[in-house]
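Chain by chain, the residues:
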Amino acid sequence: MSEDPREKINVSVEVVGPTEEDWRLWRALDDYLQQLSILRKWHRELPEKGIFVNRFLRWFRESRWYAMSVSGLDEGRELSELDAFYRLRPHQRAEALCEHASTLDVFHVFEVHHQDHVEYYIALGHNNRLVGFEEFWSVLVLLLYGELVSRETLRHLGELLKARATTVHHSRVNPPQALRVEGGVLDLETLTFSPVPDDRWFFTYHVPLYTQEGMSVKRVEHLIKVIREGSYAVEANRVYQAFRSHFDDENWQYLVDALGVILSPKAWRLLVFLVGPEGVGKSTLLRALAKPIEPVVAWLRLGDATSYTFGLEPLYGKQVVFSSERGITVVRRIDLLNSLFGENDRIPVYRKYKSAVLVNSLKLGIIAMNSLPLFSQQESPADLSAFADRLSIIYMQRPEGFEPKPGFADTIPADEAFAFLLWCRWQLEQKGWRISKLSKDEVLETISAAMNNVLGFLESDEVVIGPDERAKGVELYAAYRKWCEQSKLRPLPLDQFYSVLRGDPRFKEYRREKSIWFKGIGLRRRDNTTTYELERFG
């Protein structure tokens, strides 16, 4: 790896301005926030209120733009560079600034082509860390050229920068086979580092290996060597010590293989149901594992993913999804989960106030839950079969004498969690990338046992859904049991029946005369009236 340049840059430039050596070191930085911070400091210390104002005016004097500006003036009359610049029209000033900027190697604009739209990004120096164009470019231009840029010139300049952007195919942005870390790029195929710049790939994130625990590229390289040699003592790892006793041997192997997917070089599109009693440490395990790779992890509730229009927006730029579900989980649309984990290489994501995008399919999703979810009986055999192909069910147990400790995840260092993920990845590769999990038939049998017939009841003629409807909980449950008997189905227990209703946003639970009632749902009587109509009109 190249020598870290961060301590060598002269951030105090006073009137002289940054030297060519300062710029060389600045371009080599791989943290765009640090690059931006240095630009701001240089900007504050220079009297011309723009880092490149003087440099631009010298360049402008020798350019075709100066000659264009002074043409037609009386012979012998000269204008200063600044006066000549302001004689140009705003779009001409923008062209001159754009032409000058292209000579600096300070920033680069990229357009990323998707199937039905284009996105624009900026990268600073030799950094392959991309930042959204709209949120960044105007700040950058004003730091560099300051008072030379009017509002109208700025608008024209933005259009020109986009028009002259370098085209990048979407497959080179956030690829599953690489991880952008602070200090370089970790090739997940070969487990080797390459320093920035690495123009094979571009990233909208970076994983900060320079943590308070002291993680560094050299330390990771040594760790990889030890793991490959088979001499890594995983039993001494804090993640292993904290959670190994929570799994029997079979489920531990399922977990290790599933976690090995995270730092593997492909998008596996594996979905895991992590099932265990409340307080056993499921969420703690996920939080600990997410610490070293947080920039590529999305935290997403299952209900948002399958019912909310913009529910998938957190997936933008992510590779892994973690979720901690509370209470009884209800899966109403297996087909939507199939679209997230396996049907296509690209996932459509709708965003508020922005155009929809297609993002790379996910490597892994882990949903922690207290018990297996309830599934709709309306699912097609094809959807169920496809779902079972990509689902791993892992059971977590409570060790004897175990007591949950609030904040325990924070006590596990990020470097220990990263080391454990690397170890899991190497174990999976040693197995020929074969993931151990329950067989497809076992998964289908488990799903069939958890079929949720409450959803069928809610879609039957026995009930009516509407904002003015209301019904007593026990009466709804009695009608549900009768419907199950007629349909030759096994009814859920009362508490699970109530949990399904509570999880439906159309219904609201309330108390009336010491009884549980639900608003938004009513029973239809034999004369075709509803609960609401009977109470209102008699």
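Residues numbered from 1 in each chain as written. Predicted model: local features only at pLDDT ≥ 70, side-chain atom pairs only at ≥ 80, totals over all residues. Heavy atoms only, no water.

**Remarks on the sheet that holds strand β6 (residues 184-187)**
Across the sheet, three strands lie side by side as β5-β6-β7; this open sheet has antiparallel pairing. Whereas interior strands pair on both sides, the edge strands pair on one side only; in this sheet they are β5 (178-181) and β7 (192-194). Shown here is a sheet whose adjacent strand axes are inclined to one another by a mean of 25°, direction ignored. With four bridges connecting them, β5 and β6 associate as antiparallel partners. Looking at β6, one finds that R180 is bridged to V185. (Pairing = 2+ DSSP bridges. Helix = DSSP H or I, 4+ residues; strand = E, 2+ residues; numbered from the N terminus. Axes fitted to C-alpha atoms, helices over the stretch in contact; angles between N-to-C directions.)

**Some thoughts on the confidence of the model for the chain**
Of the residues in the chain, 89% have a pLDDT of 70 or more, and the chain-wide mean is 85. The element-level mean pLDDT for the chain is lowest in helix α21 (residues 531-537), coming to 47, with helix α11 (residues 249-260) highest at 98. Note that residues 11-15 has pLDDT below 50 and, in this model, 15 contacts with residues that lie over four places away or in other chains. (pLDDT = per-residue confidence, 0-100. Contact = heavy atoms within 4.5 Å.)

**Re the sheet that holds strand β1 (residues 107-113)**
Taken in spatial order, the four strands make up an open sheet running β3-β2-β1-β4, and their pairing is mixed. The open sheet has two edge strands, β3 (131-132) and β4 (166-169), and neither has a second partner.

**Side note on the packing of helix α9 (residues 217-229) against helix α16 (residues 414-430)**
A packed helix pair is summarised by two numbers, namely the angle formed by the two axes and the spacing between the axes. The contact between α9 and α16 brings their axes to 10 Å, and the two run at 40°. Considered as vectors, α9 and α16 are oriented oblique to each other. For α9 against α16, the interelement crossing comes out right-handed. Contacts between α9 and α16 involve R219, V220, L223, I224, I227 and R228 from the first element and D415, F418, A419, L422, W423 and W426 from the second. Its residues assigned to classes, the contact of α9 with α16 comprises nine nonpolar, no polar and three charged. (Parallel < 35°, antiparallel > 145°, perpendicular 65-115°, else oblique. Left-handed = near helix turned anticlockwise from the far one by under 90°. Nonpolar A, V, L, I, M, F, W, Y, C, P; charged D, E, K, R; others polar.)

**Considering unusual backbone geometry**
Residue R269 is not a glycine yet carries a positive backbone phi of 60°. Mapping R269 onto the fold places it in the loop between α11 and β8 (270-275). Its identity is not glycine, yet K514 carries a phi of approximately 65°, on the positive side. Turning to its location among the elements, K514 is positioned in the loop between β19 (508-512) and β20 (515-523).

**Here's the deal with the nonpolar core**
Counting residues in hydrophobic clusters, the biggest one holds 97 residues, and the most contacted among them are L179 and F420. In terms of residue count, α16 provides more of this core than any other element does, ten residues in total. (Core = buried A, V, L, I, M, F, W, Y, C linked by side-chain atoms within 4.5 Å. Buried < 20%, exposed > 50% of the residue type's maximum accessible area, 1.4 Å probe, protein only.)

**Structural notes on helix α20 (residues 494-502)**
Regarding α20, the residues found buried are F497, Y498, V500 and L501. Around the axis of α20, the buried residues are gathered within 155° of arc, so they sit on the same side. (Arc of directions from axis to C-beta.)

**A closer look at the packing of helix α3 (residues 53-61) against helix α6 (residues 90-101)**
Taken N-terminus to C-terminus, the directions of α3 and α6 make an angle of 105°; their axes are 11 Å apart at the nearest point. Judged by the inter-axis angle, α3 sits roughly perpendicular to α6. Across the interface between the two elements, R55, F56 and W59 from α3 touch A96, L97, E99 and H100 from α6.

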